[in-house]
Amino acid sequence: MNDIPLWRIRQAGPDDAEALALVGAATFLEAFAGMVHGGGIIEHCRTAHSAETYRAYFAKGAKAWLAEVKPGDAPVGYAMICAPELEQAEHGDIELKRIYILSRFQGSLMAGTLMRTVMEAAEGQKRLLLGVKDDNLRALAFYAKHGFEQIGTRQFDVGGKTYDDLVLARSLVPAAQ
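We now turn to the structure provided with this report. Quick caveat: nothing in here was measured; it's all calculated off a predicted structure.

**Details of helix 3 (residues 51-59)**
Buried within helix 3 we find Ala51, Thr53, Tyr54, Tyr57 and Phe58. The arc that holds every buried residue of helix 3, seen down its axis, measures 160°, which confines them to one face. The exposed residues of helix 3 that point more than 90 degrees off its buried face are Glu52 and Ala59. Taken together, the buried residues of helix 3 touch strand 1 (7-12), helix 1 (17-32), helix 2 (38-48), strand 2 (63-69), strand 3 (74-82) and strand 4 (93-101). Of the residues trailing helix 3, Gly61 is marked for its positive phi of about 100°.

**Some details on the packing of aromatic side chains**
What the rule picks out here adds up to 5 aromatic pairs. Taking 4.7 Å as the distance between ring centres and 50° as the angle between the ring planes, the aromatic pair formed by Phe28 and Phe32 counts as tilted. In this pair, Phe28 and Phe32 are both assigned in helix 1, 4 residues apart and thus about one turn of the helix distant. You'll find Phe28 and Phe32 in the same group, each marked buried. Ring centres of Tyr78 and Tyr100 lie 5.8 Å apart, and the angle between their planes is 75°; on these two criteria the pair is classed as edge-to-face. Linking Tyr78 in strand 3 with Tyr100 in strand 4, this pair joins segments that are 22 residues apart in sequence. Of the residues examined, Tyr100 reaches a relative accessible area of 19% and is grouped as buried. Through successive ring pairs, a cluster of aromatic residues spans Tyr54, Tyr78 and Tyr100. Above the plane of the ring of Tyr57 lies Lys60, whose end atom (NZ or CZ) is 5.2 Å from the centre.

**Focus on the sheet that holds strand 2**
Taken in spatial order, the 7 strands line up as 1-2-3-4-5-7-6 in an open sheet, and their pairing is mixed. Edge positions in the sheet fall to strand 1 and strand 6 (149-158), since each has one partner strand and no second. Put simply, the sheet's adjacent strands are angled 25° from each other on average, direction ignored. Pairing geometry for strand 3 and strand 4, over 6 bridges, is antiparallel. What sits directly across from Cys82, in strand 4, is Glu95.

Basis of the calculations
Residues numbered from 1 in each chain as written. Predicted model: local features only at pLDDT ≥ 70, side-chain atom pairs only at ≥ 80, totals over all residues. Heavy atoms only, no water. Buried < 20%, exposed > 50% of the residue type's maximum accessible area, 1.4 Å probe, protein only. Helix = DSSP H or I, 4+ residues; strand = E, 2+ residues; numbered from the N terminus. Arc of directions from axis to C-beta. Contact = heavy atoms within 4.5 Å. Phe/Tyr/Trp six-rings, centres within 6.5 Å; stacked < 30°, edge-to-face > 60°. Lys NZ or Arg CZ within 6 Å of the ring centre and 35° of its normal. Pairing = 2+ DSSP bridges. Axes fitted to C-alpha atoms, helices over the stretch in contact; angles between N-to-C directions.

By themselves, these figures tell us nothing about what the structure is for.
Here is the structure:
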């Protein structure tokens, strides 16, 4: 990965909604084209990855971080945590709603740095939860590497079509000594 430019991760806010929407839609398309119905991807990106959707998450207390590259701080990835929307959530949980990075930058230190940033921000919570497509092997390996384990399943709607997701959790409570 010698072609990775200089990069940084910074906290994002409502003023970054357009950048989050762009990266969210681009990475969703890149990850799921050929795996998920194309019309469903378009509809999902139009709604779930709109700037308005991100502004609404911020208004409800979500936190997000952008990964940007030089020159010009182009957005190439991000992570977002929010109040849990998963039915497996328990009191004290927080949800990693999204963690995406363009494929060109996968395998660099960016994704791990984003995950560490999320875990630091979630400190004091009981568990970090997330949903992931059940056959997204690269993502599942990444999450396993970071201590996530399956706690359930769900159906995930992408533009009117449903797909199977795994629900994963990682304890944020230090183990007893």
